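# An overview of the molecular structure
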Amino acid sequence: MKRTLSRTLACLALGLSAPLYAAGGGALPYHYDPELRNDASLQRGAKLFMNYCAGCHGLELLRYNRMAEDLRIPEDLLTDNLIFTSAKPGEHMKTAMQSSDAEQWFGVAPPDLTLTARSKGPSWIYSYLLTFYVDDSRPMGVNNLVLPGASMPHVLAPLQGYQALDEHHAEDDHGESAGGHGASHEPAFIEVEPGSMNTREYRAAVGDITNFLSYAAEPGKRDRQALGFKVIGYLIVLFILTWLLKREYWKDVH
Ligand code: HEC
């Protein structure tokens, strides 16, 4: 009880930015920093999201046309390739799935993902999508390292394929792993069935989805950052002009 309280307080002290991941509170296996100004990545992420995730998950606080405008996606491309429901471009991005059906199928209704990048953090989402592994004891045949007992199927299996946990490797955890990134805590997996992408391509794709969800959680952030640069530029110009003006005035005084 006391420990939970102190952990909660510690998280509050960290400005609520520290996500409370997997119950144990261990470090996440992978890290991801969003690139909110990378339009190409956000567009790829939006496309992957609409194709692989929107069937179950909504982004109810985001409107299609706001997304298209922010990510510079032309309107015809939006309506032809990204809206799979009967929604109009001005509508919120709701999923077509009824949550009562979803609950029956999965036991848990797939949550809306608009704010997940803020509540759990981009690295959590990134790690979640990278750590589905084969587990025959689960109803979907897969389990997940950061959300043990997850009831979501491995929907990206066509891209990643299937992997299993490498139990032996996990035990002697102090050895340098082949990846050679110093003291990395990356879990060891063995490929069971290949997908259409190799590891590097799959990580890039998952990065794009995570980037897109980070944008969705805070669409205004890109604009704020851009505005910040303009304001600083303006202040620099103003400073130079003021300084020149001061020099001009004082010339006459001396
Ligand atoms: C077939 C339906 C389905 C599809 C498609 C699907 N999910 Fe899920 N997802 C779920 C369910 C069900 C859960 C709830 C899992 C649980 O809590 O056990 C979930 C949970 C999640 C969570 C955890 C959210 C939280 O706050 O706990 C994230 C993140 C997530 N999904 C991302 C995605 C992404 C990204 C995609 C597309 C690549 C996707 N999902 C596709 C059904 C789906």
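Residues numbered from 1 in each chain as written. Predicted model: local features only at pLDDT ≥ 70, side-chain atom pairs only at ≥ 80, totals over all residues. Heavy atoms only, no water.

Under an unreviewed UniProt entry, the protein has the name Cytochrome c1 and belongs to Abyssibacter profundi. Under the UniProt heading Subcellular location (unreviewed entry), the note attached to the protein is "Membrane". (UniProt positions renumbered as here; feature names shortened; annotations may be inferred.)

## Description of the overall build of the protein
What the protein contains, in helices and strands, is 11 helices and 6 strands. When burial is assessed residue by residue, the protein has 33% of its 254 residues classed as buried. (Helix = DSSP H or I, 4+ residues; strand = E, 2+ residues; numbered from the N terminus. Buried < 20%, exposed > 50% of the residue type's maximum accessible area, 1.4 Å probe, protein only.)

## Thoughts on the coordination of the iron atom of the ligand
A four-donor tetrahedral metal ideally has 109.5 degree angles, and a six-donor octahedral metal ideally has angles of 90 or 180 degrees. Within the protein, the atoms that donate to the iron atom of the ligand are His57 (NE2) and Met152 (SD), at distances of 2.0 to 2.1 Å. Each of the 6 donor atoms around the iron atom of the ligand contributes to a set of angles spanning 87 to 177°, which defines the coordination as octahedral. Here the residue histidine 57 occupies a position in the loop between helix H2 (39–52) and strand E1 (59–63), and methionine 152 occupies one in the loop between strand E4 (142–144) and helix H8 (157–160), the gap between them amounting to 95 residues. (Donors = N, O, S within 2.8 Å, 3.2 Å for Na, K, Ca; no water. Tetrahedral: all angles 85-135°; square planar, octahedral: opposite > 155°, others 65-115°.)

## Overview of the site of the ligand
Near the ligand you find 21 residues, and of these Cys53, Cys56, His57, Ser151 and Met152 are the closest. One of the side-chain nitrogen or oxygen atoms of histidine 57 is found 2.8 Å away from a nitrogen atom of the ligand. A per-element tally of the shell around the ligand places helix H7 (residues 122–130) first, with 3 residues. Across the shell around the ligand, the residue classes tally to 18 nonpolar, 2 polar and 1 charged. (Near = heavy atom within 4 Å. Polar contact = N/O pair within 3.5 Å; in protein donor to acceptor, adjacent residues only side chain to side chain. Nonpolar A, V, L, I, M, F, W, Y, C, P; charged D, E, K, R; others polar.)

## Here's the deal with a nonpolar patch on the surface
A grouping of Ile232, Ile236, Val237, Phe239, Ile240, Leu241, Trp243 and Leu244 is seen on the molecular surface, where their side chains present a nonpolar patch of about 810 Å² in accessible area. Take isoleucine 240: it is sitting in helix H11 (residues 220–253). (Patch = residues over 30% accessible without salt bridge, like charges linked within 9 Å, V, L, I, M, F, W, Y side chains within 5 Å. Areas by Shrake-Rupley, 256 points an atom, 1.4 Å probe, with all protein chains shown as cover. Salt bridge = Lys/Arg side-chain N within 4 Å of Asp/Glu carboxyl O.)

## Regarding the pattern of salt bridges
Across all of its chains, the model carries 8 salt bridges by this definition. A salt bridge links arginine 66 to aspartate 70; its shortest N-O distance comes to 2.8 Å. Separated by 4 residues within a single helix, arginine 66 and aspartate 70 lie in helix H3 (residues 64–70), roughly one turn from each other. Exposure remark for arginine 66: the relative accessible area of 33% places this residue in the partly exposed category. What makes aspartate 70 buried here is its relative accessible area of 11%. Note that arginine 66 is salt-bridged to aspartate 223, the shortest N-O span being 3.8 Å. Here aspartate 223 lies in helix H11 and arginine 66 lies in helix H3, a separation of 157 residues in the sequence. Judged by relative accessible area, which is 43%, aspartate 223 ranks as partly exposed. Salt bridges here are not isolated pairs; linked through shared partners, they connect Asp39, Arg72 and Arg222.

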